[in-house]
Amino acid sequence: MSTYAIQLKDASKHFGSVIAVDRVSLSIHDGEFFSLLGPSGCGKTTTLRLIAGFELPTQGDIYICGELQGETPPYRRPVNTVFQNYALFPHMTIFQNVAFGLEMQKVARAEIRQRVSEVLEMVRLPGMGGRKPSQLSGGQQQRVALARALVNRPRVLLLDEPLGALDLKLRKAMQLELKELQRRVGITFVYVTHDQEEALTMSDRIAVMQHGRVLQVGTPEQIYEQPASRFVADFIGETNFLEGQVKGRRGSEVAVVVDGVLTLHVPAERAVGMEDEVTVAIRPEKISLHAEPPDAQAVPGVVEEVIYTGTDTRYLIRLTGQTIVTVRQQNVAVGSSACFAPGTRLYLRWQPESARLLMA
Amino acid sequence: MRSNKRQAGKVQKRRRGRWLNRLLSLHGVLGYIFLYAPIVILVIFSFNASRFVSDWRGFTLQWYTRLFGNQAIGAALRNSLIVAGASTLISTVFGTMVALAMERYRFRGKMAFDALLYLPIIIPDISMAVMLLLFFVLAHWNLGLITIIISHVAFNISFVAVVVRARLAYFDISLEEAAQDLYANEWQTFRRVTLPLIMPGILGGALLAFTLSIDDFVITFFTAGPGSTTLPLRIYSMVKLGVTPEINALSSMMLLASMGLVFLSLMLQKGGKGGMDIV
């Protein structure tokens, strides 16, 4: 008895000398929307293919619903996949495509008809059963791929960048639709994507991957607010990195000196020694700008450039000789854009806990 | 002013383009005449009432009726159909298997196999014919329909494999993965997904094999025995006594049959394309 839908224990996949997946351990809960996030070539798709059974791990074990998979072929695993390019059978109608899995499981004809029309209803494609995949739009094909997998009522649904081929507007709509669908059917989703915004929007938890390894697992908030490494902080959203040296300690905070002139006080969440090279990460939206110094913690700077982007205004502000940070301010009031002109001297302020201390 | 000049230049260019187009059309027409005039003449003279090709004495169907009455030709046609049918069937099955193996698997010596696969296509017919004859003699096999069929299979496998491979190159492997993901085992995946999708390629290969087999002279000539004369061999022995309108009639019939086959294969390819998402 296990509460995990999927478990990977030290799973690795080597292709010749290339290590695609490197000792990955993951525990995915039942009913969870779990994303594998990372740049292309990070091993996220290979990890998904290991779960589906299209690849067998070079080392390590994979459990689905508590059962060790070993060399179980894909057609005996209680998971279904939504492929990146949908992989709809072009010679079959939509009905035949969706019915394929049930037919292979020798479900009775009447029940097949019933379940196919139910699931086509669910993905909002009723009455499309007679068409061929080539007669549908990209978004519709995507729904058919989803229906073809969901009709089998799998314990776990694997999705390999299912929205990658859709245009931005449609993708946004489908994100919400998928999330809503997942909540309704209660199936565990394992979702592969390189789009950090997509992962943040949809997931219960995210595993960030790079070079075949899992760098951090956590909720979207944890991943965004408390990135464990420079790569995670950089890959998820936008971040300012200030490189410096630890020069002092005051209670739970350490003093980091940037470029030899600027001292920042950062909460020390990890053990650091004096003179250690560290990086301080601050999100652009966490910084506020002030014409007068609000307190002793504020950092002075000069506006280099102002970029208006509609919802926000981005300021590039030079702190010291080499260090420039980005600050993002929401344009709340009309005409508030460019309230600091280039060349203005001002002060930057952020909550101490907004700054993350990372190893350099 | 400037725009006027440009206009004039455009008109001139268009005029020159028109002339070039006409020359190009003429070239095309001449090319087709060169290709098809002999065939048209052949067909016309198969209806000639005169025995001689040199003069036209009015329309007749007598050469065709005589043709159907000719038992030697009937037997040759029967042999040709047996050889072509059997060799097509065998080489299509094996050629498809070879294509799948070459396209899907990595194995030791694959490069060598790959190169060897093209050998029967590029090797001169006469060399292949001599080799096969030598083989049958050394193996103490009596020459006859069986040896012809084996020889035809030997070269047809390559042609089928090449045609089927071309189709497989466009095959999206994730379709097979999708089938396996949907609980289809290897055999079900092949029968329900792979085979239907590469069928146009297989049929194309089969038709090519059939055409090559029914048409083959050199290899058949070397590997045929008594009583296994095929149509091309029969025609050759008839021509030795002079070209008769009867041969024209026979050739016209074969022309009609092969055109029918080509048309059929085009229709099949077209039918398959509707389902395939390839260019």
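Residues numbered from 1 in each chain as written. Chains lettered and ligands numbered in written order. Predicted model: local features only at pLDDT ≥ 70, side-chain atom pairs only at ≥ 80, totals over all residues. Heavy atoms only, no water.

**Brief notes about the domain arrangement of chain B**
All names here are of chain B. Heads up, the condition is: Domain limits in this description derive from either an automatic procedure or a database domain assignment. Buried area counts how much accessible surface, traced with a 1.4 Å probe, disappears from two parts once they are put together, with both parts' losses summed. Put simply, a salt bridge is a Lys or Arg side-chain nitrogen that is within 4 Å of an Asp or Glu carboxyl oxygen. Within 3.5 Å is the distance limit for a polar contact, defined as a pair of N or O atoms, with the added protein rule that one can donate a hydrogen and the other accept it, and that residues adjacent in sequence qualify only through two side-chain atoms.
The domain architecture assigned to chain B consists of domain 1 (1–45) and domain 2 (62–278). Distance from the C-alpha centre of domain 1 to the C-alpha centre of domain 2: 39 Å. Between domain 1 and domain 2, a total of about 400 Å² is buried, with carbon and sulfur atoms accounting for 66% of that surface. Among the residues of domain 1 in contact with domain 2, Leu-42, Val-43 and Phe-45 are the three that bury the most area, contributing 84% of the side total. Counting across the interface, domain 1 meets domain 2 through zero salt bridges. The interface formed by domain 1 and domain 2 contains zero residue pairs in polar contact (both at pLDDT 80 or more).

**Here we look at the pairing of strand E16 (residues 299–308) of chain A**
In the case of a regular strand, side chains alternate between the two sheet surfaces. Residues and elements named next belong to chain A. Defined as follows: Strand pairing requires that DSSP identify at least two bridges connecting the strands. Only DSSP runs of H or I with at least four residues qualify as helices, and only runs of E with at least two residues qualify as strands; both kinds are numbered from the N terminus onward.
Bridge count between E16 and strand E19 (residues 345–349): four bridges; the pairing is antiparallel. Note that in E19 the partner of Val-302 across the bridge is Arg-345. In textbook terms, the turn of a hairpin is the stretch between consecutive antiparallel strands, and for E16 and strand E17 (residues 312–318) this stretch comprises three residues, one of which, Gly-310, has a positive phi near 90°.

**Examining a nonpolar patch on the surface**
Residue and element names in this part refer to chain B. Counted only if it meets this: Surface patches are defined over residues having more than 30% relative accessible area and no salt bridge, joining like charges when they lie within 9 Å and nonpolar side chains (Val, Leu, Ile, Met, Phe, Trp, Tyr) when within 5 Å. Using the Shrake-Rupley algorithm and a 1.4 Å probe, accessible areas are obtained, with residue cover drawn only from the displayed protein chains. Remark: exposure states derive from per-residue accessible area (1.4 Å probe, protein chains only) relative to the maximum for the residue type, with buried under 20%, exposed over 50%, and partly exposed in between.
A contiguous nonpolar patch, built from Tyr-32, Phe-34, Leu-35, Tyr-36, Val-40, Ile-44, Trp-56, Phe-59 and Leu-61 and spanning about 1000 Å² of accessible area, is present on the exposed surface. With respect to the helices and strands, the residue Tyr-36 is situated in helix H1 (residues 2–45). Accessibility expressed as a relative area gives 44% for Tyr-36, which makes it partly exposed.

**Some thoughts on the interface of chain B and chain A**
Applicable threshold: Contacts between residues were defined by any pair of non-hydrogen atoms, one from each residue, lying within 4.5 Å. Polar here means any residue other than Ala, Val, Leu, Ile, Met, Phe, Trp, Tyr, Cys and Pro, which are nonpolar, and Asp, Glu, Lys and Arg, which are charged; Gly is therefore polar.
Between chain B and chain A, the contact holds 21 residues from the first and 25 residues from the second. At the junction of chain B and chain A, the tally comes to two salt bridges. There are nine residue pairs in polar contact (both at pLDDT 80 or more) connecting chain B and chain A. For the side of chain B that touches chain A, the element with the most residues is helix H7 (residues 173–181) of chain B, which contributes seven residues. Grouping the amino acids of the side of chain B that touches chain A by side-chain chemistry returns nine nonpolar, six polar and six charged.

**Section: the nonpolar core**
The following threshold applies: The set of buried Ala, Val, Leu, Ile, Met, Phe, Trp, Tyr and Cys residues whose side-chain atoms join them within 4.5 Å is what this entry labels a nonpolar core.
A:Ile6, A:Phe89, A:Phe100 and B:Val193 are the most contacted members of the largest nonpolar core, which has 49 residues in total. Among residues more than four places away in sequence, those in contact with A:Phe100 are A:Phe89, A:Met92, B:Ala179, B:Leu182, B:Ala184, B:Arg192 and B:Val193. Judged by nonpolar contacts, the second largest core, of 35 residues, contains A:Ala99, A:Val107, A:Val116 and A:Ala145.

**Observations regarding the environment of A:Leu125**
Residues and elements named next belong to chain A. Looking at where Leu-125 falls in the secondary structure, it is placed in the loop between helix H3 (109–122) and helix H4 (138–150). Sequence spacing of Leu-125 and Ile-94 is 31 residues, and the spatial spacing of their C-alpha atoms is 9.8 Å. Setting aside chain neighbours within four positions, we find Leu-125 in contact with Leu-120, Gln-140, Arg-143 and Val-144.

**Overview of H3(A)**
Residues and elements named next belong to chain A. We apply this condition: A helix's residues, less one, multiplied by 1.5 Å, set its expected span. Relevant arc is that of directions from the helix axis to the C-beta atoms, nothing else.
Helix length check: H3, at 14 residues, gives a terminal C-alpha distance of 20 Å against a target of 20 Å (1.5 Å per residue), a fit within 8%. Among the residues of H3, Ile-112, Arg-115, Val-116, Val-119 and Leu-120 are the ones counted as buried. End-on, the buried residues of H3 take up no more than an arc of 135°, which puts them together on one face. Exposed and facing more than 90 degrees away from the buried side of H3 are Ala-110, Arg-113 and Glu-121. Looking at the buried residues of H3, the elements they touch are helix H2 (94–104) and H4.

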